[in-house]
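Chain by chain, the residues:
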Amino acid sequence: MKKILFLFLFGVGLIAMAEVPVVLTAGQSNADGRVPMKEFPVGISYKYCMWSYGSGDFETASGEFVPFVPRVAKPKIEESWGFDAIVYHKLEELWQRPFYVIKHTDGGTAIDPSCKGSTHGLYWSADPEFLSQTTSASHGGKSLLLAFEQQIDDCLKNLPKDYDIKFMLWHQGEADRNADSLYYDNLKAVVAHVRQHLVAVTGKKKYRKLPVICGNFSLKSRQRSQRVAEALERLAKEDKHFYMVDASDLPLLPDRLHFNAEGAQLLADRIMKVIKK
C-alpha cells in the first residue's frame, strides 16, 4: 500500500514539474518599477525568466516573449526596476526551470474613471458601461484591463502547451485615493473579470480561483489612502485566493511614493513567503 501511495505521489509530482509556470503582473508605478538601475542588487542575473511587457500607451506588447531584463517603458527612467524583478529572481531559484511572465503596468493609473488624474486618462475599470464605451489602451482606447487581457490572449498562443498560470501579482491603488470609498467594489470586479477571462480563453475552470497576491502601501506614502488599504484587507478576508502582503513599514524613495531598493527587496521577500505556502 505504501509503495502504491509513493508511486501515485511521485507521478503527481512529475505532472506538476512538467507544467510550465506562468506569472501575471499588473498595476501602477510600484508594480511597473521606479528604483534606479544603479541600485539593483549586485550579482543577480536571469537564466530562465521570459517575459512579455506592456505599459499602457507607451508600448504595445506583441505577445512575443523575450529574456527578462529589468526595465520600464516610461521615458527618461527606462533604467529602473521594481519588486517584481526580485520575485522573478527568487522564482528562478525556487523552480530551477523556464517560466514566463505576462506584465502590464502603467504608472499613476486608477481603476475608477471618476479619478481624472489617472495617467493619460487610462483606467483598469471592469465596469460594463465603461468597457462598452471604449477599447483597449494598446489600440487607442482607455481600458488597461482590455489591454492586459488582449496581451494575455496574444501570449497564450506563444506559450508551451503545458503552461499553468500560477498567480497574479498586483500593486495599485494610490491613484484611486479620490474614489477610495469605491475601491473595494472596483478591485473585486477587476479580479473577477481577469479570472473569468482566463476561464473563457483557456477553458480551465480552475482559474476561477486564480491566486492574486497584492502588496499594500507604506505609511509614509504621500498617496496612501486608509480606505484603499482597508479594502485590500477586506478582500483578503473574504476571498481565500486573494492575499494581501503588508508593506506599511517599507522605506520609500525621496519622492515619498515609490519603494526604494530596500523596500522593493523586502516586499519581494514577503511575497515569496506567500508563494511558498
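Structural data are supplied above this passage.
What you see is a predicted model, and the numbers here were worked out from it, not measured in a lab. (Residues numbered from 1 in each chain as written. Predicted model: local features only at pLDDT ≥ 70, side-chain atom pairs only at ≥ 80, totals over all residues. Heavy atoms only, no water.)

Draft legend 1. Structural view of the sheet that holds strand 7 (residues 163-171). Read across the open sheet, the seven strands follow the order 4-3-6-1-7-8-9; overall the sheet is mixed. Of all strands in the sheet, those bounded by a partner on one side alone are strand 4 (66-67) and strand 9 (242-245). As defined by bridge partners, strand 3 (residues 49-54) adjoins strand 4 across two bridges and the pair is classed as antiparallel. Of the residues in strand 4, the one forming a bridge with W51 is V66. In the packing of helix 5 (residues 144-156) onto the sheet, contacts are made with strand 1 (20-27), strand 3, strand 6 (99-105) and strand 7, and the angle to strand 6 comes to roughly 160 degrees. Helix-sheet contacts for helix 6 (residues 183-202) involve strand 1, strand 7, strand 8 (212-215) and strand 9, and the interaxial angle to strand 7 is about 165 degrees. (Pairing = 2+ DSSP bridges. Helix = DSSP H or I, 4+ residues; strand = E, 2+ residues; numbered from the N terminus. Contact = heavy atoms within 4.5 Å. Axes fitted to C-alpha atoms, helices over the stretch in contact; angles between N-to-C directions.)

Draft legend 2. Here's a closer look at the pattern of salt bridges. Applying the stated criterion to the full structure yields 10 salt bridges. Between D180 and R227 there is a salt bridge, with the nearest N and O atoms lying 3.7 Å from each other. Taken together, the residues D180 in the loop between strand 7 and helix 6 and R227 in helix 7 (residues 226-238) connect sequence positions 47 residues apart. We classify R227 as partly exposed; its relative accessible area is 48%. With a closest N to O distance of 2.8 Å, D249 and R270 form a salt bridge. Note that D249 is positioned in the loop between strand 9 and helix 8 (261-276) and R270 in helix 8, a separation of 21 residues in sequence. You can call R270 partly exposed: its relative accessible area is 24%. Among the ionic contacts, a cluster of salt bridges with common partners joins E19, D164, K166 and K206. (Salt bridge = Lys/Arg side-chain N within 4 Å of Asp/Glu carboxyl O. Buried < 20%, exposed > 50% of the residue type's maximum accessible area, 1.4 Å probe, protein only.)

Draft legend 3. Summary view of the nonpolar core. One finds L24, I165, W170 and L187 to be the most contacted residues of the largest nonpolar core, which totals 42 residues. Here this core gets eight residues from one element, more than from any other, and that element is helix 6. Core analysis: the next-biggest nonpolar cluster, separate from the first, contains 37 residues, F167, L169, F259 and A261 among them. (Core = buried A, V, L, I, M, F, W, Y, C linked by side-chain atoms within 4.5 Å.)

Draft legend 4. Up close: the packing of helix 6 against helix 7. Running from N to C, helix 6 and helix 7 cross one another at 50 degrees; their axes reach a closest spacing of 9 Å. It follows that helix 6 is oblique to helix 7 by the angle criterion. Here helix 6 and helix 7 pass one another in a crossing that is right-handed. Within the contact between the two elements, helix 6 uses Y183, Y184, L187 and K188 and helix 7 uses V228, A231, L232, R234, L235 and E238. Grouping the amino acids of the contact of helix 6 with helix 7 by side-chain chemistry returns seven nonpolar, no polar and three charged. (Parallel < 35°, antiparallel > 145°, perpendicular 65-115°, else oblique. Left-handed = near helix turned anticlockwise from the far one by under 90°. Nonpolar A, V, L, I, M, F, W, Y, C, P; charged D, E, K, R; others polar.)

Draft legend 5. Fine view of helix 6. Compared with the 28 Å implied by 1.5 Å per residue over 20 residues, the 28 Å span of helix 6 between its first and last C-alpha is a close match. In this structure, the buried side of helix 6 is in contact with strand 1, helix 5, strand 7, strand 8, helix 7 and strand 9. Once helix 6 ends, the next one or two residues include G203, with phi positive near 75 degrees. (Expected span 1.5 Å × (residues − 1).)

Draft legend 6. Expanded view of the state of the cysteines. Going through the model one piece at a time under the given rule, you end up with zero disulfides. C155 provides the cysteine sulfur closest to C49, a residue in no disulfide bond, and the two sulfurs are 12 Å apart. The thiol of C115 is unpaired, and the distance to the nearest cysteine sulfur, on C214, comes to 16 Å. (Disulfide = S-S within 2.5 Å.)

Draft legend 7. Structural context of the layout of surface pockets. A volume near 320 Å³ is recorded for the largest pocket. Every residue lining the largest pocket is listed: L94, W95, D164, K166, F167, P211, I213, Y243, V274, I275 and K277. Mapped onto the lining of the largest pocket, the elements with two or more residues apiece are helix 3 (83-95), strand 7 and helix 8. With three residues, strand 7 is the largest single contributor of residues to the lining of the largest pocket. Approximately 250 Å³ is the volume attributed to the second largest pocket. Lining the second largest pocket are 20 residues, with Q28, G107, G108, T119 and Q223 sitting closest to its centre. (1 Å grid on protein atoms, 1.4 Å probe; cavity = no way out; pocket = protein on both sides within 12 Å on 5 of 7 lines; lining within 4 Å. Points joined across faces, edges and corners; volume = space filled by probe spheres on them.)

Any functional reading would require information beyond the geometric quantities listed.
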